[in-house]
Structures are given as structure tokens and as C-alpha cells.
Amino acid sequence: MLRAIRSGMGSRTAVRSLSSTTGALSNYQHPDWSSYLNNRGENKTRNVAYFMVGSMGLLSAAGAKSTVEAFLSSFAASADVLAMAKVEVKLGAIPEGKNVIVKWQGKPVFIRHRTSEEIEEANQVDMKALRDPQTDADRVIKPEWLVMLGICTHLGCVPIGEAGDFGGWFCPCHGSHYDISGRIRKGPAPLNLEIPQYDFTDSETLLIG
């Protein structure tokens, strides 16, 4: 009998203890980890976005570089254009006192094999009488060979050789007169006929350009 009472009391005590534990558990507040998890998610998303933007930037830069290179290569001179950058002229075929015209880079070039009288005449000109003062020596490498661009410095017409008031070149467009050194002496042209870059590779060969 006493054992049964004790057993009943123990059961009631266990029930009260269990009830108390259950109540405590029901009142327990779980920690809120959502903020921490969300921040990690946002950082991860941001990093992925940065990576994608950087990758797209690199791809765009590479594409732009190849496009620019392709664009510039389209302007690269072809072999035939490069060949025309320099023109070789055999001087033995030009008699003394005569002109020839050759084409260089799409422009006419006058080559005159001058006589000794023409060279002397060119050197006797008073510099004060010239609109664009240049000595004859400043315009030639070898006195007997005068090399000039055949373009009037007024409006770009092509002058006529062995013509005009000074025995040199005459522009029929607007009446400019050049002497035997190609210097402007009369008419509207402001400057002498231009001297291109040239050299002599030997006594019989002229290289223009």
C-alpha cells in the first residue's frame, strides 16, 4: 500500500516535471539567423555580378581591339601602292635642254636637263626680284638636273614647259610665269614650284621619293 502511494506520488512529480519542461520549451525563442544568411546571400550575388561585369568588360575590350586592328589594317598600303612611293628614272634618255614628265604618287614631276647657259641664267637672278626668294643652288642637287612637282602653286593647274616670259614654265589657267629654276616671277602664284624629295643612286639614275 505504502509502495503504491509512493509510486503514485512519484508519477505525479514526474508529470509536473515534464509539464514544466514542456512549458519552458514552448516559451523558448529560437535565434534569428535570417539576417546573417541573407547578408551572405547578398554578398555572394554581388560578387557574381562583379565577376560577370568584369568578364564582359574583358570580352568587350578584346573585341574592340580586334575591331580597331582590322580597321587599321584596311588602311595599310598594298604592295603596288608602296611601289609607287618611289619612282626610278633613267636620266640617259633625257637630252640636254629637254623636259620630261613622270608620274609620282599621282602627281606630275618635271625633270629638266638644263644647259650650262640655263644654269648661268638661273644663278644671275637678283634675289630681291623674287616673290619667293630661293637661290638656284637651294633648289637642285646637281645643277644640270632640275626636279620639281608640276603643279602650279596658285590653284593646282599643270604649267607648260619651255614657255612664258622667263623661258621656264607658264600656267595657262591664270597666267603664272616661272623661270628656268621654277621660281615664280609673274602672275598670281604665291610660291615657287615645289621640289620633291629625290636623290641620285648613281650618275644615270634618279630616285624620286
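Structure shown above.
Q: So what exactly am I meant to see when it comes to the state of the cysteines here?
A: A covalent bond between the sulfur atoms of two cysteines is what we call a disulfide. Enumeration over the complete set of coordinates arrives at one disulfide. Between the sulfur atoms of Cys-157 and its disulfide partner Cys-173 the distance amounts to 2.1 Å. Because the sign of the S-S torsion sets the handedness, a value of about -105° for the bond joining Cys-157 and Cys-173 places this disulfide among the left-handed ones. With Cys-157 in the loop between strand E4 (145–149) and strand E5 (160–163) and Cys-173 in the loop between strand E6 (167–171) and strand E7 (176–179), the pair connects residues that are 16 residues apart, well separated along the chain. Relative accessible area serves as the criterion here: at 38%, Cys-173 is assigned to the partly exposed category. In this structure Cys-152 is not part of a disulfide, and its nearest cysteine sulfur, from Cys-171, lies 3.8 Å away. The buried category is assigned to Cys-152, whose relative accessible area is 3%.

Q: Just checking my understanding: could you explain the sheet that holds E4 for this structure?
A: Sheets are built from strands paired through backbone hydrogen bonds, the pairs being either parallel or antiparallel. Here three strands make up an open sheet; going across it, the order is E2-E3-E4 and the pairing antiparallel. Two strands in the sheet have a free side with no partner beyond their single neighbour: strand E2 (99–104) and E4. The sheet shows a mean angle of 25° between the axes of neighbouring strands, direction not considered. The pairing of E2 with strand E3 (residues 107–113) spans six bridges and is classified as antiparallel. The partner of Ile-101 across the bridge, within E3, is Phe-110.

The rules we used
- Residues numbered from 1 in each chain as written.
- Predicted model: local features only at pLDDT ≥ 70, side-chain atom pairs only at ≥ 80, totals over all residues.
- Heavy atoms only, no water.
- Disulfide = S-S within 2.5 Å.
- Helix = DSSP H or I, 4+ residues; strand = E, 2+ residues; numbered from the N terminus.
- Buried < 20%, exposed > 50% of the residue type's maximum accessible area, 1.4 Å probe, protein only.
- Pairing = 2+ DSSP bridges.
- Axes fitted to C-alpha atoms, helices over the stretch in contact; angles between N-to-C directions.

Nothing here speaks to function; it is geometry throughout.
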